[in-house]
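Topology and contacts: notes
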Number of protein chains: 4
Amino acid sequence: MANSKFEYVKSFEQPDFLLPNTWIVVRVDGRGFTKLCAKYNLEKPNDKRALDLMNAAARVVVTELPDITVAYGVSDEYSFVFHKSCTLFERRASKIVSTVVSTFTANYVHLWSTYFTNTPLSPPLPSFDGRAVCYPTVMNLRDYMSWRQVDCHINNLYNTTFWTLIKLGGLDNREAEKLLAASPLPPLTHMQGTVSGDKNEILFSQFKINYNNEPEMYKKGSVVFRDYELVEPGTHNAAEAADALAEPEQQSKTQAEKDKKKRSKARVVIEHLDIIKDDFWDRRPWLLSNKPGKTPKEP
Amino acid sequence: MANSKFEYVKSFEQPDFLLPNTWIVVRVDGRGFTKLCAKYNLEKPNDKRALDLMNAAARVVVTELPDITVAYGVSDEYSFVFHKSCTLFERRASKIVSTVVSTFTANYVHLWSTYFTNTPLSPPLPSFDGRAVCYPTVMNLRDYMSWRQVDCHINNLYNTTFWTLIKLGGLDNREAEKLLAASPLPPLTHMQGTVSGDKNEILFSQFKINYNNEPEMYKKGSVVFRDYELVEPGTHNAAEAADALAEPEQQSKTQAEKDKKKRSKARVVIEHLDIIKDDFWDRRPWLLSNKPGKTPKEP
Amino acid sequence: MANSKFEYVKSFEQPDFLLPNTWIVVRVDGRGFTKLCAKYNLEKPNDKRALDLMNAAARVVVTELPDITVAYGVSDEYSFVFHKSCTLFERRASKIVSTVVSTFTANYVHLWSTYFTNTPLSPPLPSFDGRAVCYPTVMNLRDYMSWRQVDCHINNLYNTTFWTLIKLGGLDNREAEKLLAASPLPPLTHMQGTVSGDKNEILFSQFKINYNNEPEMYKKGSVVFRDYELVEPGTHNAAEAADALAEPEQQSKTQAEKDKKKRSKARVVIEHLDIIKDDFWDRRPWLLSNKPGKTPKEP
Amino acid sequence: MANSKFEYVKSFEQPDFLLPNTWIVVRVDGRGFTKLCAKYNLEKPNDKRALDLMNAAARVVVTELPDITVAYGVSDEYSFVFHKSCTLFERRASKIVSTVVSTFTANYVHLWSTYFTNTPLSPPLPSFDGRAVCYPTVMNLRDYMSWRQVDCHINNLYNTTFWTLIKLGGLDNREAEKLLAASPLPPLTHMQGTVSGDKNEILFSQFKINYNNEPEMYKKGSVVFRDYELVEPGTHNAAEAADALAEPEQQSKTQAEKDKKKRSKARVVIEHLDIIKDDFWDRRPWLLSNKPGKTPKEP
């Protein structure tokens, strides 16, 4: 409703549209989760309940915001990818970021008791901040995703070794830190093949722990996406197809309706896969094309 | 930790610092609350439980973020004011907005069952979006606050009359709408004195309802702030003092520590006051000066 | 040098980096050129001297800023394209825009007397404003260039007919406008083949003017670029190669030096070509690859 | 005119409105003026012709853009202040910056031959870059202006001593630099009173040069503004009045016309005054109020 001489203040709001035809990544990060880990006595180096809760909250975000094509989570952070043709909220950064953060937070808090059955939440409650970054090409986007997964790998290998030295090796924090500082990470371009190097050595030779047998969720993080039938490898170059799109496609209404229906029927899954190699993307062309795939047959 | 050839993607994040020496208002808005009202069967035109829950969540936000000097809420929205000298998160818009939205959401969801004792939440959960706007002067800031409170007044008077026509007058929605469309709001510069005009007339002449007797929370909205001893009216020009500040003051560490302690001890209160007139601001100089006031004597 | 208590004001400058890995187009527009046309009595619908002067100024800009890969001008505007890998001024928008505008203006004013030999400049002097826009893909960039060239075509056909009706047909401005309003432009996807339609009809049937015989500069505008040997058509997909680049390439210093030398030796040419069709881009791969081509043999 | 399927590219242009109710400072800086000084053999430490040319170009900018209330220049830079109520180009940063830079450049190049009568310009021509910064309060704005004038003072004292040591003292560049590095600048809060210290000492004791007798233009830089009758000192607090303005005033059309006329009649002067002390601002209230003063009586 029209409102008085004060209304001029509306004009101070600055527009913050994200550049069209770019991939929008919204990353959500836990605020002060080191304290939270201590407060609720989370397991080290990984607390399965905490990660399952992050994944459950992320799955709701992906389900409720169909413009999100894929999400990737590790530790207390989650990255949500909006397709480059997305026009949600006219691509206003603050609307997109705050909606993702709020939906994530609401579900994290609401689902807490499902995963932490005997540990009620108490103030200050867990909360998250968020930011949006635009990536112009599929290669930039995939490099972002790879960056997060390499980070997951590096941190998890470090943390696994660190906590093994403490829990099984009887070292204290400073001794473990010192020992690891002297053992640089092997040169890794990405996570292919057996990961060799000093940390694996320590785990295996001293503690008979084979890092490769650690749970996939800890080693690779979690990917969340709508699940359709995989296509044959080598039949599709998803990146090229996506980069060729110049602008939001003018779909017919019927087609848009059909896509929407298909999307809402699709199962949103949580997997722990290598997202650095081409295979993940090429076999799931819908992630980059934004066109729903074939519904998988019931088993 | 250092991380591979993918790390270049970090450089795509754009800085979003808010202009220094300006008042930052973060407004949080309920997403799709019309649906939410229907789903949980909220009372019309005002549901006390819903407003109390909004206020409770806002109180936590103000308590946990001491850079917030005052907040104002009405309906499903809340505006949080950060002092112009605030340097939280280097004044990065996305960090500030997402932190406020996330803290608000977490507490809204967590406190839901306290206010809606027999109405459990179910997906999709309530969520909020947010935005930040900068105001250069105290007058701009106060005009913003006045804008929201005038809006509160206009909407509440309309809604009260609308729902009275339906509940007590037996009209249906369309009839009530039509009747009110023909009764324009009286010229209001602000909320001073008795609010006269057609809507009040309708309420009083047809239903013997005196709008002035409606609950203050519905008529004025809610203000949240740290409570200190009021100063004598006329002894202080808060706006002038605040506008004269050119930059974040260089406080001594001792002083900063003292202020912090005082702030953390202060009671964060929820009141329903006229924030348009000078009186509210002049008697609470700490709201604009960012210097804690005197702790009120125990009653 | 260090400087006093006032230096804090530097922190109020806001960063304005343009998104990495996107094509930067800086468009320069004449300010108030309608007045300028009247003041210096420029010829209608096209003044060759004025266009030659625009082109001469643009050629200097392209020569002095080697990050510009191609430029396109029509009427009183010029668009300069910086390669997406460009890191000039850390991609700060205001630095890039102001440098282009200033260099263009300086040369426009300085070269004025070369093209307008008997018409000295007098205050207020011609000036230009500018803006920067980012395009994520080659297709977006080419669509931008096509947009400007189609605009050139539409306007020139209109203006040519308009001024013919006045100069040769004896109509006054209003009569000519009215007549043309009744003759909508033929459906044009782009400028292929003979342009048919009412305006051409008018020109030909009434005045025996064949629009296709008008000067290329008027019909197509002007393209400015470094000239190397053309490659065979069909041997190169320039767009695909350019889109595949994810980040500023890490060239060896020797290679960078070689490229720089080659670029500085290249002739900067002004041509009047169709830049909408693939042919222009495919035969000049250096425009999109940012790798200098082969120096053409001397004739 | 409507234009094809390519027109969507327009939507990629990002808005860049400067925050309302803030002072806009556009600073223009010479690009590569060290080279330019060498090329045209400018006098050291100050070349009167070069400074006069800067001032002449700035005077035109202030004259042609009445939204500029005051400008300050030193060396190869000029700062133009737009009143906080300015709505020129809807406050779009790139339009404002590019217009100032272009107008300045055009006049600099055009007026060159007036000041450098025997030194024709040759490519590469002088050019300038520019940026816009917003200041919320008069104190911030004045601190910005003070920052530039203190800079002027520090640099000029240094340069004067440096070049005296070389020209009169027979030192070479390195020897002069070394000697001055050992002589730190005296603690200066601002330029009040006699400037004492080592550099003045060197000038006076070794060369009998009294720095205070150096030309005002070199010591203080140049201020450009519309000239009206000075008001009595102490009768006006310009800063307070200006800060109290909350939004662009709603002037009556008649008043706006009158102001415009007065402004266009006012003489734009170039002075060399202390702009750090209150006096300069308090005696010229029109600089901050944006209301034209009284036309001075003819002498």
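Residues numbered from 1 in each chain as written. Chains lettered and ligands numbered in written order. Predicted model: local features only at pLDDT ≥ 70, side-chain atom pairs only at ≥ 80, totals over all residues. Heavy atoms only, no water.

Looking now at helix α4 (residues 138-167) of chain C. Here α4(C) is 30 residues long and its end C-alpha atoms lie 42 Å apart, about the 44 Å a rise of 1.5 Å per residue gives. Among the 30 residues of α4(C), 25 are classified as buried, and the element is accordingly described as predominantly covered. (Helix = DSSP H or I, 4+ residues; strand = E, 2+ residues; numbered from the N terminus. Expected span 1.5 Å × (residues − 1). Buried < 20%, exposed > 50% of the residue type's maximum accessible area, 1.4 Å probe, protein only.)

Our next topic: the pattern of salt bridges. In the structure shown here, the tally under the stated rule is 60 salt bridges over all chains. Residue Arg131(D) pairs with Asp29(D) through a salt bridge whose shortest N-O separation is 3.8 Å. On the criterion of sequence distance, the pair formed by Arg131(D) in strand β4 (residues 128-135) and Asp29(D) in strand β1 (residues 23-30) is long-range, its members being 102 residues apart. Accessibility expressed as a relative area gives 12% for Arg131(D), which makes it buried. Note on Asp29(D): relative accessible area 14%, which makes it buried. Bridged by salt links that share partners, the residues Glu13(A), Arg27(B), Asp29(B) and Arg131(B) form one connected network. (Salt bridge = Lys/Arg side-chain N within 4 Å of Asp/Glu carboxyl O.)

Residues and elements named next belong to chain D. The buried fraction of strand β3 (residues 77-82) is high, at six of six residues. Residues Glu77, Ser79 and Val81 of β3 are buried on one face, and the alternating residues Tyr78, Phe80 and Phe82, pointing to the opposite face, are buried as well. In this sheet, β3 lies alongside β1 in antiparallel orientation, the contact comprising six bridges. Each residue of the ladder has a partner; that of Asp29, found in β3, is Glu77. The pairing of strand β2 (residues 68-74) with β3 spans six bridges and is antiparallel. From the neighbouring strand, Gly73 faces β3, where its bridge partner is Tyr78. Between the end of β2 and the start of β3, which pair antiparallel, lie two residues, with Ser75 showing a positive phi angle near 50 degrees. (Pairing = 2+ DSSP bridges.)

Here we come to the UniProt feature "domain: tRNAHis guanylyltransferase catalytic" (unreviewed entry) in chain A. Taking the UniProt record as the reference, the feature "domain: tRNAHis guanylyltransferase catalytic" (unreviewed entry) is found at residues 6-136 of chain A. In this annotation, residues 6-136 of chain A is assigned 36% helix and 22% strand; the end-to-end C-alpha distance for the span is 40 Å. (UniProt positions renumbered as here; feature names shortened; annotations may be inferred.)

All names here are of chain C. With respect to topology, six strands assemble into an open sheet ordered β4-β1-β3-β2-β5-β6, the strand pairing being antiparallel. The open sheet has two edge strands with one neighbour each: β4 (128-135) and β6 (267-271). With strand direction ignored, the average angle separating the axes of adjacent strands in the sheet is 20 degrees. On the sheet, helix α2 (residues 48-64) packs against β2 (68-74), β3 (77-82), β4, β5 (222-227) and β6 and is oriented at approximately 15 degrees with respect to β3. (Axes fitted to C-alpha atoms, helices over the stretch in contact; angles between N-to-C directions. Contact = heavy atoms within 4.5 Å.)

Further remarks concern the relation of the copies chain A and chain D. After a rotation of 180 degrees and a shift along the axis of 0.0 Å, chain A superposes on chain D with an RMSD of 0.0 Å. Read as a symmetry element, the transformation amounts to a two-fold axis. No C-alpha of chain A lies nearer the rotation axis than that of Pro15(A), which sits 3.4 Å from it. When the interface residues of chain A are mapped onto chain D, 100% of them are again interface residues, pointing to one common binding face. (Least-squares fit on C-alpha atoms with pLDDT ≥ 70 in both.)

So, on to unusual backbone geometry. The phi angle of most residues is negative, glycine excepted, and most peptide bonds adopt the trans form. In this structure, Pro124(A) follows Pro123(A) across a cis peptide bond, with omega equal to -5 degrees. At Glu90(A), a residue that is not glycine, the phi angle is positive and equals roughly 55 degrees. Relative to the elements of secondary structure, Glu90(A) occurs in the loop between β3 (77-82) and α3 (93-115). Its identity is not glycine, yet Asn290(D) carries a phi of approximately 65 degrees, on the positive side.

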